[in-house]
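# Survey of secondary and tertiary structure
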Amino acid sequence: MKTRVCMVPAVLAGLLISSAAAQEKVNPAPLTKEQMQQGWLALFDGQTTFGWEVKGGEAKVEDGVLRLSGGTTLTNTTRFDAFNLRFDVRGERADAVRVTFRDEPVTIGSLVSRATKRSDGWVTIEQKVASGGRKLSFEVPSGATIELRNVLLQPQNLKSIFNGKDLTGWKEVPGKPSKYSVTENGELNVKNGGGELQSEGKYKDFVLQLDIISNGKHLNSGIFFRALQGEFWQGYEAQVRNQWEGDNRSKPVDFGTGGLYNRQPTRRVVSTDGEWFTMTIVADGLHFATWVDGYQTTDYVDQQPPAESARKGSYDKPGVIGLQGHDPTTDLSFRNIKV
């Protein structure tokens, strides 16, 4: 008996491939667009344990849920000072799970009175931490099992360092071709390059959030931090470049947007040219983490020998924030710059 082979017409095959590509989620973080614009960060991306340390037991990710067995301690690698926290939890003896986000740990049971409960067993915990925050951790006692999802954090107490009217509070590194200006819409624009516009204030450990748009294809820029005041491109750099290999956003070109240049490439390029996105940079000692539209893109500890600038090694002193003009093709805009 002959086997019949069904040939898919080329046009139909192309449509199927295009449909599959369209269904791929550009940003897998469990956030709405509104939450992204409000500066919320996904501490759990729904797919991996990236950004967490697991000790003692086991942590598994299935169907967008993080399952923790008894004896497991799960700790986030990034520390925040002031923030709003929100997460969904359910499971056997979940009330006995100890959560640390400030000072001494508390049990989930002690937080449930202010929580939202659902018929499917999920409980949404919301907590405000005004200051003195620590790394978020969950300690699951022996005999208990829990599930977590939608673990979200919104940094608080951020102050604007760009007034949307002029370049007050900022200074250009002199003698460079970049042109910095404030548009009629209150956006800070940079054209041409190389160049660098630096904040007058210096910052060591901080959370920085800002909106960015690339007004061209695969343009190159970056956000310097702990940079040397008045010196050109002498700091850590969170890369801005919305380019990836082929159709695979998990293969960034030149470290990719949200990557730490010359340190750690972005896990995934979630931003797209011609569209505003929000970048978050957290510096705490020699630990650095970045998010793009709420999706964590890097988690890095600088173990290089100390140097006189972050461009040459590890650097744990206060420095300025710098907006990079990279080359003659540069045309990017920034807004809502807060630290």
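See the structure printed just above.
Predicted, not measured: the structure shown is a model, and the values here were computed from it.

## Regarding the sheet that holds strand β23 (residues 287-292)
- Pairing is antiparallel in the open sheet, where seven strands are placed in the order β14-β15-β26-β17-β22-β23-β24. The open sheet has two edge strands with one neighbour each: β14 (179-182) and β24 (295-301). Adjacent strand axes in the sheet meet at a mean angle of 20 degrees when their direction is disregarded.
- Two elements, strand β22 (residues 277-284) and β23, share six bridges in a ladder whose sense is antiparallel. Of the residues in β23, the one forming a bridge with Thr280 is Trp291.

## Here's the deal with unusual backbone geometry
- The residue after Gly193, namely Gly194, is reached through a cis peptide bond having omega 5 degrees.
- Position of Gly194 among the secondary structure elements: in the loop between β15 (188-191) and β16 (195-199).
- Here Asn192, not a glycine, exhibits a phi torsion of approximately 70 degrees, which is positive.
- Checked against the element boundaries, Asn192 lands in the loop between β15 and β16.
- With relative accessibility at 25%, the residue Asn192 sits in the partly exposed group.
- Not every positive phi belongs to a glycine, and Arg226 is a case in point at roughly 50 degrees.
- Positionally, Arg226 belongs in strand β18 (residues 221-227).
- Judged by its relative accessible area of 0%, Arg226 falls in the buried class.

## Description of empty space enclosed by the protein
- Taken as a whole and assessed by the stated rule, the structure comprises one cavity of 30 Å³ or more.
- Counted as a void, the largest cavity has a volume near 30 Å³.
- Lining the largest cavity, in full, are Leu43, Asn76, Thr78, Phe80, Phe83, Arg134, Lys135, Leu136 and Leu153.
- Its residues placed into classes, the lining of the largest cavity shows five nonpolar, two polar and two charged.

## Here we look at the side chain of Thr330
- Along the chain, Thr330 turns up in the loop between β25 (320-325) and β26 (331-338).
- Judged by relative accessible area, which is 3%, Thr330 ranks as buried.
- The residues contacting Thr330, other than those within four sequence positions of it, are Val190, Lys191, Asn192, Asn220 and Gly325.

## What to know about the pattern of salt bridges
- Counted under the stated rule, the structure contains 18 salt bridges.
- With a closest N to O distance of 3.1 Å, Asp302 and Arg263 form a salt bridge. One end of the pair, Asp302, is in the loop between β24 and β25; the other, Arg263, is in the loop between β21 (248-252) and β22, with 39 residues separating them in the sequence.
- Overall, Asp302 belongs to the buried group, its relative accessible area being 3%.
- In this structure Arg263 comes out as buried when scored by relative accessible area, which is 18%.

## What about the sheet that holds strand β2 (residues 52-55)?
- If you walk across this open sheet you meet the five strands as β2-β5-β11-β7-β8, and the pairing is antiparallel. Pairing within the sheet leaves two strands with one partner each, and these edge strands are β2 and β8 (106-107).
- Sheet topology note: the strand β7 (residues 98-102)/strand β11 (residues 133-139) ladder contains four bridges and is antiparallel. Bridging from a neighbouring strand, Val99 pairs with Phe138 of β11.

## A look at the nonpolar core
- In terms of nonpolar packing, the biggest core is built from 42 residues, with Ile223, Met279, Leu323, Phe334 and Ile337 touching the most fellow members.
- One finds Phe44, Leu66, Val99 and Val112 within the second-largest nonpolar core, a separate group that totals 35 residues.

## Some thoughts on the packing of aromatic side chains
- Under the defined criterion, the tally for this structure stands at eleven aromatic pairs.
- For the pair Phe80 and Trp291, a centre-to-centre distance of 6.0 Å together with 55 degrees between the ring planes defines the contact as tilted. Note that Phe80 is positioned in the loop between β5 (73-76) and β6 (83-90) and Trp291 in strand β23, a separation of 211 residues in sequence. Like Phe80, the residue Trp291 is buried in the burial classification.
- Here the aromatic rings of Phe232 and Trp233 are separated by 4.5 Å at their centres, their planes lie at 25 degrees, and the arrangement is stacked.
- The exposure class assigned to Trp233 is buried, which follows from its relative accessible area of 19%.

## Looking at the side chain of Thr124
- On the secondary structure map, Thr124 appears in strand β10 (residues 123-129).
- Residues in contact with Thr124, not counting those within four places in the same chain, are Arg86, Phe87, Asp88, Ala115, Thr116 and Arg118.

## Some details on the pairing of β25
- Judged by how many residues are buried, β25 sits mostly within the fold: six of six residues are covered.
- Neither face of β25 is exposed, since Val320, Gly322 and Gln324 on one face and Ile321, Leu323 and Gly325 on the opposite face are all buried.
- Where β16 lies against β25, four bridges are found, and the strand directions are antiparallel. Residue pairing for β25: Gln198 is matched across the bridge by Gly322.
- As judged from the three bridges shared by β18 and β25, these two strands associate in the antiparallel manner. Bridge pairing in β25 places Phe224 opposite Gly322.

About the criteria used
Residues numbered from 1 in each chain as written. Predicted model: local features only at pLDDT ≥ 70, side-chain atom pairs only at ≥ 80, totals over all residues. Heavy atoms only, no water. Pairing = 2+ DSSP bridges. Helix = DSSP H or I, 4+ residues; strand = E, 2+ residues; numbered from the N terminus. Axes fitted to C-alpha atoms, helices over the stretch in contact; angles between N-to-C directions. Buried < 20%, exposed > 50% of the residue type's maximum accessible area, 1.4 Å probe, protein only. 1 Å grid on protein atoms, 1.4 Å probe; cavity = no way out; pocket = protein on both sides within 12 Å on 5 of 7 lines; lining within 4 Å. Points joined across faces, edges and corners; volume = space filled by probe spheres on them. Nonpolar A, V, L, I, M, F, W, Y, C, P; charged D, E, K, R; others polar. Contact = heavy atoms within 4.5 Å. Salt bridge = Lys/Arg side-chain N within 4 Å of Asp/Glu carboxyl O. Core = buried A, V, L, I, M, F, W, Y, C linked by side-chain atoms within 4.5 Å. Phe/Tyr/Trp six-rings, centres within 6.5 Å; stacked < 30°, edge-to-face > 60°.

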